[in-house]
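A closer look at the structure
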Amino acid sequence: MTKRLLLAPTLLLLVSASIALFIFYRLRDKPTPTVVGWRAVVTTLAGDGSPGLQDAPAATQARLQNPFGIAVDARGNVYVADAGESNRLRKIGVDNSVTTLAGGVEGFADGAGASASFNTPSGIAIDARGNLYVADTANNRIRKVTPEGMVSTLAGDGTTGARDGAAHMAQFNAPVGVAVDARGERVYVADTYNDRIRLITTTDGQVVTLAGGNAPGYMDGAGGSALFDTPCALVATPDGELFIADTGNRRLRKLSKDGQVSTLNFTSADNVPFDEAFAPVGLALTHDNFLYITERERGRVWQIAPGGRAHLIAGGGFGDTGGNGHDDNDARFNQPAGIAVDKTGALYVADSANYLVRKLTATESMAAMNNAEVKVDAIQSANSPDNSVNNSQLPVEQTEVLPRLSAEAFGIKSLPWPLDPQDRWHEVAATMGEVRGSYDTDDSRHHLHSGIDIFGTYGQTVRAVLDEKVESPLTNWGYGSLNEGLRIGVMVYVHLRVGRSERDELIDKARFTPVGRDREGKLTRLRIKRGTRFRTGDALGTINRMYHVHMNFGAPNAEANPLGLPLVGFTDKVAPVIERDGLARRGTPPNSRRATTSSASSRLITTATKRRRDAMWRSG
């Protein structure tokens, strides 16, 4: 009898303890309500600002090559699709270490850890079990990676195409974006260069096209009647609706459960442009349907509240990681790509051209609001001035100027020229820092010249000077204009017919894809896919009527001086000279000009060279 009396309280105690533990863990794992329009404290989670392949026990001592896709698991581990020369999935552990989960040598192979191979992994997504889904862009495949690093192919036969059907026979065209539901049963793909949205159902191993036509364009509508242009990211709601970063159209789109595609229109709650220059490339969705967006070209992170108001969370303009940005308090990003959100509401951004992973957390005032479990009505708060934040009081990461770029960082010992002969000296017609624009004219392009101009003849072939891969989903611009150009890795080439001869004929159909022609059949647009590799000496196009090729070196919006590179046969030993009063006196012949500093030596410019240079003042 006594034993029975003792057993009852014991069981009651155990049940009470179990209930208490259940409640504790439920509360602990409860997602934090999202605050409208919060402003971020930006810190560096991983990377030292130099390109590389280095793992490290301390995350900020590691090096990344081309961080693009990003995901975070329930425990707080962060995963990064690191492309470029890396072709790895990197893991930033909760212990602050950076390790390689899978991948290594560029190529294609399933297997465990380093025995697996990728080629330009881009977007990644994670399911509730911690499995990763990877858009293996240059392999035209979707891959699956377990938490232990076992890699398998989920869909795609590796051939460029748009075929639906059995997953192992399906075809994709350099997919960049991927999303997955919690169970891993429905995997959504932004089939970027097919301009389509695809679905992989893992329960039956089938691939179908949900929306998008046979060519890039812009049109809302049902399924195949809708048109996209280079979609690069997508996220799925729990009930199966999709938000899509339609990068080439510079729009956000929505694909409903009934297959209807519509364009989402937002209004900015800040005094910051949210306009036609907007180019979304990364998306993340919270548990309470707030959408986060990375704007690649202008280096911004946006929050879209369910009520339709857009708030600038971080990013005062493109550039390095310094804090002198918007309101003199914002950290900066350079070509941000993937973005992910954890259960506390913290954001993780792949800051690709700074070779970093950044973490965005709320200010102390915002965190206090969350800890007090202040519940925000999204629509009312989005329109309420009472929820505005004093941006001038926000702390920000202060650091040295990044990224760290130099010839040594890229192993450049002798850089060839972009024109034939590549191993001989060429005339440099303009250098970094020269003034551009014209005084007292209608020309408003007053600026300092960046990069260098290398004189060439009309129709002369422009060639790659480094072995590199294309990193941007949209890497060429200005088709048919004098400022047409392209970026390959850290090198930029401008004033050429990209991928074409002087007669506008394609010079390499494998690398340059025509996607638009007029009624007469004349080419009007071409693409270069992310992951396309160029070797030194490969033809990039031909010089247009600017009669020179403009060449820049460095990450976008953080270029270094190309004259710091060891160009073959080129050495500048002449000090700069400031002429008397900044100009030669009218009527003074060139050979009679005097320098204001007697110790400065000068090399006089011949009349012919000066005329040619004066004719090129519009360059770059």
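Residues numbered from 1 in each chain as written. Predicted model: local features only at pLDDT ≥ 70, side-chain atom pairs only at ≥ 80, totals over all residues. Heavy atoms only, no water.

1. A look at the environment of Asp351
Worth spelling out the cut-off: Numbering of helices and strands runs from the N terminus; a helix is a DSSP stretch of H or I covering at least four residues, while a strand is a stretch of E covering at least two. Exposed residues in this analysis have more than 50% of their type's maximum accessible area, buried residues have under 20%, and partly exposed residues fall in between, with area computed by a 1.4 Å probe over protein chains only. Two N or O atoms form a polar contact when they lie within 3.5 Å of each other; inside protein one atom must be a possible hydrogen donor and the other a possible acceptor, and for residues adjacent in sequence the pair counts only when both atoms belong to side chains.
Topologically, Asp351 is positioned in strand S27 (residues 347-351). The exposure class of Asp351 is buried, given its relative accessible area of 0%. Each C-alpha atom of the pair Asp351 and Gly47 lies 9.8 Å from the other, and the pair is 304 residues apart in sequence. A polar contact is formed between the side chain of Asp351 and the side chain of Arg358, at a distance of 2.7 Å.

2. A closer look at the packing of aromatic side chains
Selection rule: Under the pairing criterion, centres of Phe, Tyr and Trp rings, with the six-membered ring standing for Trp, must be within 6.5 Å; the plane angle then separates stacked pairs below 30 degrees from edge-to-face pairs above 60, leaving the rest tilted. By definition here, charges over rings are those cases where NZ of Lys or CZ of Arg is within 6 Å of the ring centre and within 35 degrees of the ring normal.
This model, assessed by the stated rule, comprises five aromatic pairs. Summarising the aromatic geometry, the rings of Phe512 and Phe534 are spaced 5.9 Å apart at their centres and angled 50° between planes, so their arrangement reads as tilted. A residue pair is termed long-range when its members are at least 10 positions apart, and Phe512 in the loop between strand S38 (496-498) and strand S39 (513-517) and Phe534 in strand S41 (residues 533-534) qualify at 22 residues. In this structure Phe534 comes out as buried when scored by relative accessible area, which is 0%. The residue whose ring lies beneath Arg530 is Phe68, and the NZ or CZ to ring-centre distance is 4.0 Å. Its guanidinium or amino end placed over the ring of Tyr458, Arg545 lies 4.5 Å from that ring's centre, counting from NZ or CZ.

3. Remarks on the confidence of the model for the protein
Detailed conclusions should not be drawn from predicted coordinates in areas where pLDDT is low. Heads up, the condition is: The predictor reports its confidence for every residue as pLDDT, a score running from 0 up to 100. Contacts: residue pairs with any heavy atoms within 4.5 Å of one another.
Scored by pLDDT, the protein has a mean of 83; 78% of the residues are at 70 or more. Note on residues 318-329: pLDDT is under 50 here. Beyond four places in sequence and across chains, it has 51 contacts. This model gives residues 583-620 a pLDDT under 50, and the stretch forms 50 contacts once residues within four places in sequence are excluded.

4. Structural notes on the pairing of strand S12 (residues 177-180)
Rules: Pairing between strands is defined by DSSP: at least two bridges between them are needed.
Residues of S12 alternate between two faces, with Gly177 and Ala179 on one and Val178 and Val180 on the opposite face, all of them buried. Both S12 and strand S13 (residues 186-191) contribute to a ladder of four bridges, which runs antiparallel. Bridge pairing in S13 places Ala179 opposite Tyr188. Between S12 and S13, which follow one another and run antiparallel, lie five residues, and Gly184 among them has a positive phi close to 75°.

5. Points about the pattern of salt bridges
Keep this limit in mind: Here a salt bridge means any side-chain nitrogen of Lys or Arg lying within 4 Å of a carboxyl oxygen belonging to Asp or Glu.
Under the counting rule described, the total for this entry stands at 30 salt bridges. We note a salt bridge from Arg143 to Asp110, for which the minimum N-O separation is 2.8 Å. Of this pair, Arg143 sits in strand S9 (residues 141-145) while Asp110 sits in the loop between strand S5 (98-103) and strand S6 (111-112), placing them 33 residues apart in sequence. Classification of Asp110 as partly exposed rests on a relative accessible area of 38%. Measuring nitrogen to oxygen at the nearest pair gives 2.7 Å for the salt bridge that ties Asp508 to Arg511. Counted as one network, the salt bridges with shared partners bring together Glu85, Glu106, Lys469 and Arg533.

6. What about the sheet that holds strand S4 (residues 88-92)?
Selection rule: All axes here are fitted lines through C-alpha atoms, helices being fitted over the stretch that makes contact, and every angle between N-to-C directions spans 0 to 180 degrees.
The four strands are arranged S2-S3-S4-S5 in an open sheet whose pairing can be described as antiparallel. Each end of this open sheet is capped by a strand with a single partner; those strands are strand S2 (67-72) and S5. When the angles between neighbouring strand axes are averaged without regard to direction, this sheet yields 25°. Sheet analysis places strand S3 (residues 78-82) next to S4, joined by five bridges and oriented antiparallel. When the bridges of S4 are listed, Asp82 appears paired with Arg88.

7. Regarding the nonpolar core
Inclusion rule: Joining through side-chain atoms within 4.5 Å is the link that ties buried Ala, Val, Leu, Ile, Met, Phe, Trp, Tyr and Cys residues into a set, and such a set is a nonpolar core.
Val462, Met491, Tyr493, Ile528, Phe534, Leu540 and Met551 are the most contacted members of the largest nonpolar core, which has 37 residues in total. Elements with a contribution of two residues or more to this core: strand S32 (452-455), strand S36 (485-488), strand S37 (491-494), S38, strand S40 (523-527), strand S42 (539-543) and strand S43 (548-555). For this core, the element with the most residues is S43, which contributes four residues. The contact partners of Met491, leaving out residues within four places of it in the chain, are Val465, Leu466, Glu468, Leu486, Met551, Asn552 and Phe553.

8. As for the side chain of Arg527
Mapped onto the fold, Arg527 is located in strand S40. A polar atom in the side chain of Arg527 sits 3.3 Å from the backbone oxygen of Tyr193. Those residues in contact with Arg527 that sit more than four places away from it in its chain are Thr192, Tyr193, Asp195, Pro216, Asp229, Thr230, Asn476, Arg511, Phe512, Thr513 and Val515.

9. Section: unusual backbone geometry
With an omega dihedral of -10°, the bond running from Asp420 to Pro421 counts as a cis peptide bond. Summarising the element assignment, Pro421 is placed in the loop between helix H3 (378-382) and strand S29 (428-430). One non-glycine residue, Ala174, adopts positive backbone phi at about 50°. Secondary-structure assignment places Ala174 in the loop between strand S11 (165-166) and S12. Within the chain, Tyr355 stands out as a residue other than glycine whose phi angle is a positive 60°. Structurally, Tyr355 can be placed in the loop between S27 and strand S28 (356-362). For Tyr355, a relative accessible area of 5% gives the class buried.

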